[in-house]
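Descriptive structure summary
The residues making up each chain are set out below.
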Amino acid sequence: MVLETSTQARAGPTGYPSQGVISGLIRAIHIAVDIQNIIAELPSRAVSQKAKFAASIKLLRRKRAGEIEAIMNRLHSQAFTEISCLDCGNCCRSLGPRLTDRDVQRIERTLGKTSAEVHDEYLKYDEDNDLVFRSLPCPFLGEDNFCFVYDSRPKACAEYPHSEGRQVRGRLGQLIKNSAYCPAVYRILELLDEELGR
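This part is about the overall build of the protein chain. Summing up its helical and strand segments, the protein chain has ten helices and two strands in all. When the helices and strands of the protein chain are listed from N to C terminus, the series reads α-α-α-α-α-α-α-β-β-α-α-α. When burial is assessed residue by residue, the protein chain has 32% of its 198 residues classed as buried. Taking contacts inside the protein chain between residues at least 6 apart in sequence as the whole, the part at least 24 apart equals 64%. Taken as a whole, the protein chain presents about 12,300 Å² of accessible surface, with 51% of it coming from carbon and sulfur.

A few words now on the packing of helix H6 (residues 101–111) against helix H7 (residues 115–122). At a closest axis distance of 9 Å, the pairing of H6 and H7 adopts a crossing angle of 100°. As the angle between them shows, H6 and H7 are arranged roughly perpendicular. Contact residues: Val104, Ile107, Glu108 and Leu111 in H6; Ser115, Val118, His119 and Tyr122 in H7. A per-class count over the contact of H6 with H7 returns five nonpolar, two polar and one charged.

Here we come to the environment of Leu172. Along the polypeptide, Leu172 turns up in helix H9 (residues 172–178). Separated by 111 residues in the primary sequence, Leu172 and Arg61 place their C-alpha atoms 8.4 Å from one another. The contact partners of Leu172, leaving out residues within four places of it in the chain, are Ile57, Leu60, Arg61, Ile68 and Met72.

To continue, consider the nonpolar core. Core analysis: the largest hydrophobic core is formed by 23 residues, its most contacted members being Leu60, Met72, Leu172, Leu189 and Leu192. Here this core takes seven residues from helix H10 (residues 183–195), the largest share from any one element.

Residue Pro137 is reached from Leu136 by a cis peptide bond, and omega for that bond is 0°. As for its placement among the helices and strands, Pro137 is situated in the loop between strand S2 (131–133) and helix H8 (155–159). In this structure, the amide linkage connecting Tyr160 to the following residue, Pro161, adopts the cis form with an omega of 15°. Here His162, not a glycine, exhibits a phi torsion of approximately 65°, which is positive. In this structure, His162 sits in the loop between H8 and H9. Judged by its relative accessible area of 10%, His162 falls in the buried class.

Going through the model one piece at a time under the given rule, you end up with twelve salt bridges. Close ionic contact of Glu67 with Lys63 constitutes a salt bridge, the shortest N to O distance being 3.9 Å. With a relative accessible area of 29%, Glu67 lands in the partly exposed category. The exposure class assigned to Lys63 is partly exposed, which follows from its relative accessible area of 27%.

Our focus in this paragraph is the confidence of the model for the protein chain. When pLDDT is averaged along the protein chain, the result is 86; 83% of the residues meet or exceed 70. Of all the helices and strands in the protein chain, helix H1 (residues 2–9) carries the lowest mean pLDDT, 35, while S2 carries the highest, 98. Here residues 1–14 is modelled with pLDDT under 50, and outside its nearest four sequence neighbours on either side it reaches twelve contacts, counting other chains as well.

What follows deals with the packing of aromatic side chains. Per the counting criterion, the structure on display carries three aromatic pairs. Centre to centre, the rings of Phe53 and Tyr186 are 5.3 Å apart; their planes meet at 75°, and the pair counts as edge-to-face. One end of the pair, Phe53, is in helix H2 (residues 19–60); the other, Tyr186, is in helix H10, with 133 residues separating them in the sequence. Given a relative accessible area of 7%, Tyr186 falls into the buried group.

Calculation rules
Residues numbered from 1 in each chain as written. Predicted model: local features only at pLDDT ≥ 70, side-chain atom pairs only at ≥ 80, totals over all residues. Heavy atoms only, no water. Helix = DSSP H or I, 4+ residues; strand = E, 2+ residues; numbered from the N terminus. Buried < 20%, exposed > 50% of the residue type's maximum accessible area, 1.4 Å probe, protein only. Contact = heavy atoms within 4.5 Å. Areas by Shrake-Rupley, 256 points an atom, 1.4 Å probe, with all protein chains shown as cover. Axes fitted to C-alpha atoms, helices over the stretch in contact; angles between N-to-C directions. Parallel < 35°, antiparallel > 145°, perpendicular 65-115°, else oblique. Nonpolar A, V, L, I, M, F, W, Y, C, P; charged D, E, K, R; others polar. Core = buried A, V, L, I, M, F, W, Y, C linked by side-chain atoms within 4.5 Å. Salt bridge = Lys/Arg side-chain N within 4 Å of Asp/Glu carboxyl O. pLDDT = per-residue confidence, 0-100. Phe/Tyr/Trp six-rings, centres within 6.5 Å; stacked < 30°, edge-to-face > 60°.

Below is the structure:
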């Protein structure tokens, strides 16, 4: 429906979509196919690069905290100019965040539901007694990879993939695990490897 509206709005004099719209649609289809191929290959690629990435992180840890933060923030920004979360959404399909009471309260307010309704419909306790979503993909993930509760999403979601900010030094090891799920993290670790001359 949205697609039809956007093409109709830019239709040429014949009533058919203009060449620019067609090119844009073809580019969007290629991106969708490419990202799905990347996601499918990511776990095996991450395993094959694990030792290399671990060595890069070990070298990075030798730097001062402020330098580590600056490097990671720059690499994070660079990777996310190349890879869009809205083209991917793999974290929302494959990883479930551990939810805090505050996370649940924000979701309750956003949905206009009671605590019992949110718990019954969306949540469960896992084997570690952590509160998690009842199923994956995330129940709030749309087909277009937009999050229905984005402004009140869980803290773990907002901070994912943990590749920037003041806490990044303590989470460097987690990036290796996340590289199997997030193409941007994989790219960050590739860039880090290049930066350190490995």
